[in-house]
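# Examination of the molecular architecture
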Amino acid sequence: MFIDIQDLSFTYSNSLTKAVNCISFTIEKGEVISILGRSGSGKSTILRLIAGLEMPDEGSFTLNGKKIMDDRTFIQPEKRGIGMVFQDYALFPHMNVEENILFGLSKMSRKDKKRRVNEVLELVELEGFEKRYPHQLSGGQQQRVALARAIAPEPELILLDEPFSNLDADLQVKIREDLRRILKKANTTAVFVTHNINDAHALADRILKIKDGKIDKIGRPCDLLGSTSELPNTGEVIFEELLPV
Amino acid sequence: MNRYLANVNGWTIGAILIIILLFIPNVSIVTGIFSSASENWAHIKEYMLVNYIKSSLTLVFFTAMFTVVIGLSLAWLIAQYDFPLRSFMKWALILPLSIPPFIGAYTYHGIVNYTGVIQKTLRNQFEIVPNPSFFDIMNVPGAIFIYTLFLYPYVYMITRIFLSHQSASLIESARTLGKGPWEIFLKVVIPISRVSIIGGVSLVVLEVLNDYGVVKYFGIQTFSTAIFQTWFGLGDLDSSIKLAASLMGIVIFILIIERILRGGKQYSYSTTKVRPLPLVKLKGKSAVFATMYTLVIFSIAFLVPVIQLMDWVILTFGKVPMGEVLVYTRNSVTVAALSATLIIVFSLIVGNFSRIVHHKFAKLLPKLTILGYSIPGAVIAVAVVTTFIALDRFLAPVYEFIGIDSGLVLSVSLFMLISAYIIRFFAIGYNSIESGFDKIGTDFRDASRMLGVSRLRTFFKIDVPMMKGAIISGFVLVFVDILKEIPLTLILRPFNYDTLATKAFQYASDEKIMEASQASLLIVGVSAIAIIIFHKLLREEPK
């Protein structure tokens, strides 16, 4: 398997209860996984643990046969080769689109860097936006730049934290389709966190339902949530509303 | 892997070293309390201590009261109403901060004394000979007047920014519920501004307790003057440390009161989005009153003293050689710029440590350094001198080896003064940097690291450029404070090393008020420019 996570646990320093409690799962190459759960269920913490932004109490994580962390190993986030799209995108406000994307491309010739910027901008359909600054872009455009920036260094795994929560309902549906197309075209393995059941259904190959820091269920969207026709056709259907379905 | 050991890196080691160095003087004072008492201390305790406490607390209490009345009323007027000259007054009312209280004190004394412009005009133009005691300001009420005039901007500034940025929805709700301006002021504005009022007033209180210039010039006995006299007059360092410890006790008591007052009822907001408070246009008498009120405060707290200083500069032109003034200016600017740069660099290291290390001590330790700001300059001076003399003794063999004859090298150098400035003013720079780090959060740093960029490169490429505003504001604030500083500079400067502030203070103490005007006006000028840059460019109302 491409990604193997075993017995992952984590407690915040100001808390006594475990935010993530002994979680294990595997992911195949090219697979898109959704972590679905209520707010406070620990889903974003799992993402931060995979990224290396938090250090777990225990557990192990192997990526493409490489030991990323266990009792003795802890590879720093910058050395993991994992990309991440943040909830509020975290585009560097003092850099334009091109500089934002170039920022993660250090070990390349100038020509290759330029080529890669053009490639990813074409992928997210934002050619011609190179010189714009983040504040000159719409929410949807900012999200696509954040995705382009994360994809550009060709990470082995890409993490997305609530990628649609800052978008309007209409835009969410459109961007969701775009995102699946982009991820599949780039053959990227991805894990994304959401509280929106429609996002999980539309994007994921498999869903991990999280409850109180533990895995509640794992399965394909149709097995876990039923077919798309059973879901209300709205942009924002949140986990809390549909949990009893 | 141990989660806490993983936090040990260059930032942690650097930050802890800096914090220890900054904290040493506090320790030396605390240990001083337990040293054996001298005869002087028994005398001071028996006859003087109550007087010091009484006069210090009187100054603190009345200054705090008057600065709140003036600061809050101005903040409310500027934040809520539009009237003629409002946009000028908005930042002009901060300018009195550029006049160090001791310069304000001797300027006002010069204006109202027997040969001053007021009594002279009354005598020559109106043939009135007033009772001179009526114009005597060299007493406790006079000092309160001076402190209020030149320190109210702390309350004004902090409360105005709070009211313009945070209060829109609350005040608008009150208005839609049919409340009039006075009722809104009393029932909404005062309660919601409490935290910022207390924040501003605690700065005022600390400034009053730290002040040496005004009380020395006016001949009022307070802790600051007592520490100086006991140290230099009686040559009793131990007793002066005990006095300092008592003063620190009062400061800690005040800080605890501040916490309690702020504590339980911290008003927080459900949204972080900033919406400016829309202005209400005043007309007729109200507009005239608002303009007159702000104009009167601005005139007596800034315009009048500055015009007087200018007049004296013209009168004494040529009396103080220009070359001499240039040397003081160069000394002042060099030492202030160097110290402010070091403070900002250290603040960035400690601030980043506090941000990246997930441990409660990483949040708590930097707070200890803020105590440095509450310790009077005179006491920091004692601690620094003691440490540097010990350091020189320790390094004596090294000096001998490299062929330096004198046993005192560091303790007679500028390095000692700069170290003292860093201890005293670190809190000012650190506050600015810490709020800068808070503002940018951790997402940008995390995003950079997820793109494969190291901590150090992230710091220089992401954090520093995004913190530009906080870095410039911190630098400007520290620079201005050092430029105006008196007790540390008087005690710790190398032999023959004068700055604008020490020269102005010396001239004024020698009753050469007019000769002091050039250096004073330069301090006021440089500080005023710095304050304008700071508030006009960096702290504008949200767009």
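Parameters at a glance
- Residues numbered from 1 in each chain as written.
- Chains lettered and ligands numbered in written order.
- Predicted model: local features only at pLDDT ≥ 70, side-chain atom pairs only at ≥ 80, totals over all residues.
- Heavy atoms only, no water.
- UniProt positions renumbered as here; feature names shortened; annotations may be inferred.
- Helix = DSSP H or I, 4+ residues; strand = E, 2+ residues; numbered from the N terminus.
- Rg over C-alpha atoms; globule rule 2.2 N^0.38 Å.
- Buried < 20%, exposed > 50% of the residue type's maximum accessible area, 1.4 Å probe, protein only.
- Contact = heavy atoms within 4.5 Å.
- Areas by Shrake-Rupley, 256 points an atom, 1.4 Å probe, with all protein chains shown as cover.
- Lys, Arg positive; Asp, Glu negative; His and termini not counted.
- Charge placed at Lys NZ, Arg CZ, Asp CG, Glu CD.
- pLDDT = per-residue confidence, 0-100.
- Salt bridge = Lys/Arg side-chain N within 4 Å of Asp/Glu carboxyl O.
- Pairing = 2+ DSSP bridges.
- Axes fitted to C-alpha atoms, helices over the stretch in contact; angles between N-to-C directions.
- Buried area = accessible area lost by both parts, 1.4 Å probe.
- Polar contact = N/O pair within 3.5 Å; in protein donor to acceptor, adjacent residues only side chain to side chain.
- Nonpolar A, V, L, I, M, F, W, Y, C, P; charged D, E, K, R; others polar.
- Patch = residues over 30% accessible without salt bridge, like charges linked within 9 Å, V, L, I, M, F, W, Y side chains within 5 Å.
- Parallel < 35°, antiparallel > 145°, perpendicular 65-115°, else oblique.

Going by the annotation in an unreviewed UniProt entry, the name recorded for chain B is Iron ABC transporter permease, with Sporosarcina highlanderae given as the source organism. Checking UniProt for chain B, the heading Sequence similarities (unreviewed entry) contains the comment "Belongs to the binding-protein-dependent transport system permease family."

The name an unreviewed UniProt entry assigns to chain A is ABC transporter ATP-binding protein, from the organism Sporosarcina highlanderae.

## Some words on the overall build of chain A
Counting its regular elements, chain A contains eight helices and ten strands. For 245 residues, the compact-globule estimate of 2.2 N^0.38 gives 18 Å, and the C-alpha radius of gyration of chain A, at 18 Å, lies within 12% of that figure. Expressed as lengths along the three principal axes of its C-alpha atoms, the size of chain A is roughly 50 × 45 × 35 Å. Counting only residues that meet the buried cut, chain A has 56% of its 245 residues in that class. The contacts in chain A between residues at least 6 apart in sequence include a share of 67% that link residues at least 24 apart. Accessible surface, chain A: about 10,900 Å² in total, of which carbon and sulfur atoms supply 47%. In chain A, the 33 positive side-chain charges and the 36 negative ones have mean positions that sit 4 Å from each other.

## Re the confidence of the model for chain B
All names here are of chain B. Looking at chain B, pLDDT values average 83 and 93% of them are 70 or higher. For chain B, per-element mean pLDDT is lowest for helix H15 (residues 371–374), which scores 72, and highest for helix H12 (residues 284–315), which scores 94. Here residues 265–273 is modelled with pLDDT under 50, and outside its nearest four sequence neighbours on either side it reaches eight contacts, counting other chains as well.

## A closer look at the pattern of salt bridges
The full count for this structure, using the stated rule, is 22 salt bridges over all chains. One salt bridge connects A:Glu98 with A:Lys131, and the closest N-O pair in it is separated by 2.5 Å. Of this pair, A:Glu98 sits in helix H2 (residues 97–102) while A:Lys131 sits in the loop between helix H3 (110–123) and helix H4 (139–151), and the two are 33 residues apart along the sequence. Using a relative accessible area of 9% as the deciding quantity, one classes A:Glu98 as buried. By relative accessible area, A:Lys131 is classed as exposed at 58%. Close ionic contact of A:Asp199 with A:Arg176 constitutes a salt bridge, the shortest N to O distance being 2.7 Å. On the criterion of sequence distance, the pair formed by A:Asp199 in helix H6 (residues 197–203) and A:Arg176 in helix H5 (residues 169–185) is long-range, its members being 23 residues apart. Each member of the pair, A:Asp199 as well as A:Arg176, carries the same accessibility label: buried. Here the salt bridges share partners, and the residues they tie into one network are A:Arg48, A:Glu54, B:Arg445 and B:Asp446.

## Observations concerning the sheet that holds strand S1 (residues 3–10) of chain A
All names here are of chain A. Across the sheet, four strands lie side by side as S2-S1-S4-S5; this open sheet has antiparallel pairing. With partners counted over all chains shown, the strands left at the sheet margins are strand S2 (20–27) and strand S5 (66–69), one partner each. Direction aside, neighbouring strands of the sheet carry axes that sit 20° apart on average. For S1 and S2, the ladder comprises five bridges, and the chain directions are antiparallel. Residue pairing across strands places Ile5 opposite Phe25, the latter belonging to S2. Its contacts with the sheet place helix H1 (residues 43–51) against S1, S2, strand S4 (58–63) and S5, and it is angled at close to 65° to S2.

## Some thoughts on the interface of chain B and chain A
Of the residues lining the interface, 22 residues belong to chain B; the matching set on chain A comes to 34 residues. Across the chain B/chain A interface, buried area totals approximately 2,300 Å², and carbon plus sulfur atoms make up 62% of it. In this assembly, chain B and chain A are joined by two salt bridges. Between B:Arg449 and A:Glu78 there is a salt bridge, and its shortest N-O distance comes to 2.7 Å. Across the chain B-chain A interface, the total number found is four residue pairs in polar contact (both at pLDDT 80 or more). If you list the elements that add at least two residues to the side of chain B that touches chain A, you get helix H18 (443–450) and helix H19 (455–466) of chain B. A total of seven residues in the side of chain B that touches chain A trace back to one element, the largest contributor, which is H18(B). In the side of chain B that touches chain A, the residues fall into ten nonpolar, five polar and seven charged.

## Some thoughts on a nonpolar patch on the surface
All names here are of chain B. On the surface, a cluster of nonpolar side chains totalling about 470 Å² of accessible area is made up of Phe145, Val288, Met292, Val296, Ile300 and Val304. The biggest single contributor to the nonpolar patch is H12, with five residues. By the element assignment, Met292 lies in helix H12.

## Considerations on the sheet that holds strand S10 (residues 214–219) of chain A
All names here are of chain A. Strand order in this open sheet of six strands is S6-S7-S8-S3-S9-S10, and the pairing throughout is mixed. Lying at the two open borders of the sheet, with one neighbouring strand each, are strand S6 (82–85) and S10. Strand-to-strand twist in this sheet, taken as the mean axis angle between neighbours without regard to direction, amounts to 20°. Bridge count between S6 and strand S7 (residues 157–161): four bridges; the pairing is parallel. Looking across to S7, one finds that Ile82 is bridged to Leu157.

## As for the confidence of the model for chain A
Residue-level pLDDT values for chain A average 85, and 91% of them are 70 or greater. Residue range residues 232–237 of chain A is modelled with pLDDT below 50. Its contacts to residues more than four positions away, or to other chains, number 17 contacts.

## Structural notes on the environment of B:Ile192
Inspection of the secondary structure puts B:Ile192 in helix H8 (residues 181–210). On the basis of relative accessible area, B:Ile192 is assigned to the buried category, the value being 10%.

## Some details on the packing of helix H4 (residues 101–112) of chain B against helix H5 (residues 117–126) of chain B
All names here are of chain B. Running from amino to carboxyl end, H4 crosses H5 at an angle of 10°, the nearest separation of the two axes being 4 Å. Our classification of the angle between H4 and H5 gives roughly parallel. Contacts between H4 and H5 pair Gly110, Ile111 and Val112 from the former with Val117, Ile118 and Gln119 from the latter.

## Let's talk about the pairing of S4(A)
Residues and elements named next belong to chain A. When you tally the buried positions in S4, you get five out of six residues, the bulk of the element. The pairing of S1 with S4 spans five bridges and is classified as antiparallel. When the bridges of S4 are listed, Gln6 appears paired with Ser60. Here S4 runs beside S5; their pairing, made up of three bridges, is antiparallel. Bridge pairing in S5 links Phe61 to Met69.

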